[in-house]
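# Analysis of the macromolecular model
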Amino acid sequence: MLSHWFRTALWLRVLGALVLGAITGALFPAVGTYVEPVGDLFLNAIRMLIVPLVVSTLIVGVTSIRSIGALGRLGGLTFAVYLGTTAIAIGIGLGIGVLFDPGQGMGLKMPLAGQALERPSLVESLVAIVPANPLLAMSQTEVLPIIFFSLLFGIGMVLVGDEAEPLKRFFESVAAVMFRLTHIVMEFAPFGVFALIATVTAQTGLAALMPLLKLVLAVATACLLHIVIVYGGVLRLARGLKLSTFLRGILDAQLLAFSTTSSGATLPVTMTCVTENLGVRKSTASFVLPLGATINMDGTALYMGVAAIFAA
């Protein structure tokens, strides 16, 4: 039986745990109290990998490119794609929000609590990217400052040249170890996903979701359109890759993202999926994916568009 468990594809085990967790939490709410620590342990194990994985893979990615000009071209293309898809996602979210009108008829009458937070200025946001203390940023898992420091460190190694080769081999070894640890942690994903979903379902109940069903359907429809039209179009035009092939290759990361609702927590698995299942070079994945987990929030941008209409 144990051998059959490991022979079964990971995505299938995670999907089964997802469904079983929802059913268990709905039928036996008391279970949520007992399994919640298991979900927390799994999330902590995933988050434990983020900082060393981001630092090592980004540095390896930058040093593997070896040319500041090539790095600049890759960075420019990456930012252009991220900004373009995010803008389209916002438009789709607003359009679907207007079409579905998910807040209509809910009649929520709640007193306003507290005050709106003041939005930081562009200058403040840019200053915050540069960490005054990189080690403090790492201890607090501030991903954007970590990315900035790692990119700068990698560029410094490229400029130094041969003298930085021992340091490069060190970070390559760290990255290899982190990928191996990711594999080990992911073997526990079905148990962690079961605990997470069972806990949420036990706490909220399926009935609590019914009034928001229209909002959920609106967001799901917008996500589906964005995946099929935008991502499908980019994949077909840029790489000649079928959307179905891409979705199969990234399935483990998708299921984990669905259960943890965190692109940061899913990052280690995403990197494994794209390099091992989709054939993306580690140097490219190491540079592009950590940036994407921080600044390429298409799903969040899309949801905000729908949520704005819902709140209005």
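Notes on the structure follow.

Cut-offs and rules
- Residues numbered from 1 in each chain as written.
- Predicted model: local features only at pLDDT ≥ 70, side-chain atom pairs only at ≥ 80, totals over all residues.
- Heavy atoms only, no water.
- Helix = DSSP H or I, 4+ residues; strand = E, 2+ residues; numbered from the N terminus.
- Rg over C-alpha atoms; globule rule 2.2 N^0.38 Å.
- Buried < 20%, exposed > 50% of the residue type's maximum accessible area, 1.4 Å probe, protein only.
- Contact = heavy atoms within 4.5 Å.
- Lys, Arg positive; Asp, Glu negative; His and termini not counted.
- Charge placed at Lys NZ, Arg CZ, Asp CG, Glu CD.
- Patch = residues over 30% accessible without salt bridge, like charges linked within 9 Å, V, L, I, M, F, W, Y side chains within 5 Å.
- Areas by Shrake-Rupley, 256 points an atom, 1.4 Å probe, with all protein chains shown as cover.
- Salt bridge = Lys/Arg side-chain N within 4 Å of Asp/Glu carboxyl O.
- 1 Å grid on protein atoms, 1.4 Å probe; cavity = no way out; pocket = protein on both sides within 12 Å on 5 of 7 lines; lining within 4 Å.
- Points joined across faces, edges and corners; volume = space filled by probe spheres on them.
- Nonpolar A, V, L, I, M, F, W, Y, C, P; charged D, E, K, R; others polar.

On to the overall build of the protein. Looking only at helices and strands, the protein features 15 helices and zero strands. Relative to a compact globule of 312 residues, whose C-alpha radius of gyration would be 20 Å, the protein shows 21 Å and is just as compact. Dimensions of the protein, computed from the C-alpha atoms along their principal axes, are close to 65 × 55 × 45 Å. Every one of the 312 residues in the protein was classed for burial, and the buried ones make up 38%. Considering only intrachain contacts with a sequence separation of at least 6, the fraction spanning at least 24 residues in the protein is 80%. Side chains of the protein give 17 positive and 14 negative charges; the mean places of these two sets differ by 11 Å.

Before going further, it helps to spend a moment on a nonpolar patch on the surface. Taken together, the side chains of Trp11, Leu12, Leu15, Val19, Ile23, Leu27 and Phe28 define a hydrophobic patch exposed on the protein surface, amounting to about 640 Å² of accessible area. Mapping leucine 27 onto the fold places it in helix α2 (residues 10–27). Among the residues examined, leucine 27 registers a relative accessible area of 58% and is labelled exposed.

Now for the layout of surface pockets. Estimated volume of the second largest pocket: approximately 230 Å³. Along its surface, the second largest pocket is lined by 13 residues, and Phe79, Ile147, Phe148, Leu151 and Leu291 are the ones closest to its centre. Of all the secondary-structure elements, those providing two or more residues to the lining of the second largest pocket are α4 (68–100), α7 (143–160) and α14 (282–295). The element best represented in the lining of the second largest pocket is α7, accounting for five residues. Residue composition of the lining of the second largest pocket, grouped by class: eleven nonpolar, two polar and no charged.

What follows deals with the pattern of salt bridges. Where charged atoms of side chains with opposite charge meet at close range, the side chains can pair. According to the stated counting rule, one finds two salt bridges in the structure shown. One salt bridge connects glutamate 187 with arginine 13, and the closest N-O pair in it is separated by 3.0 Å. Of this pair, glutamate 187 sits in the loop between α8 (165–186) and α9 (189–204) while arginine 13 sits in helix α2, and the two are 174 residues apart along the sequence. Classification of glutamate 187 by relative accessible area gives partly exposed; the value is 27%. Of the charged contacts in the structure, one is a salt bridge between glutamate 172 and lysine 168, with a shortest N-O distance of 4.0 Å. Residue glutamate 172 and its partner lysine 168 are both found in helix α8; the two are separated by four residues, about one turn of the helix. For glutamate 172, a relative accessible area of 34% gives the class partly exposed. In this structure lysine 168 comes out as buried when scored by relative accessible area, which is 9%.

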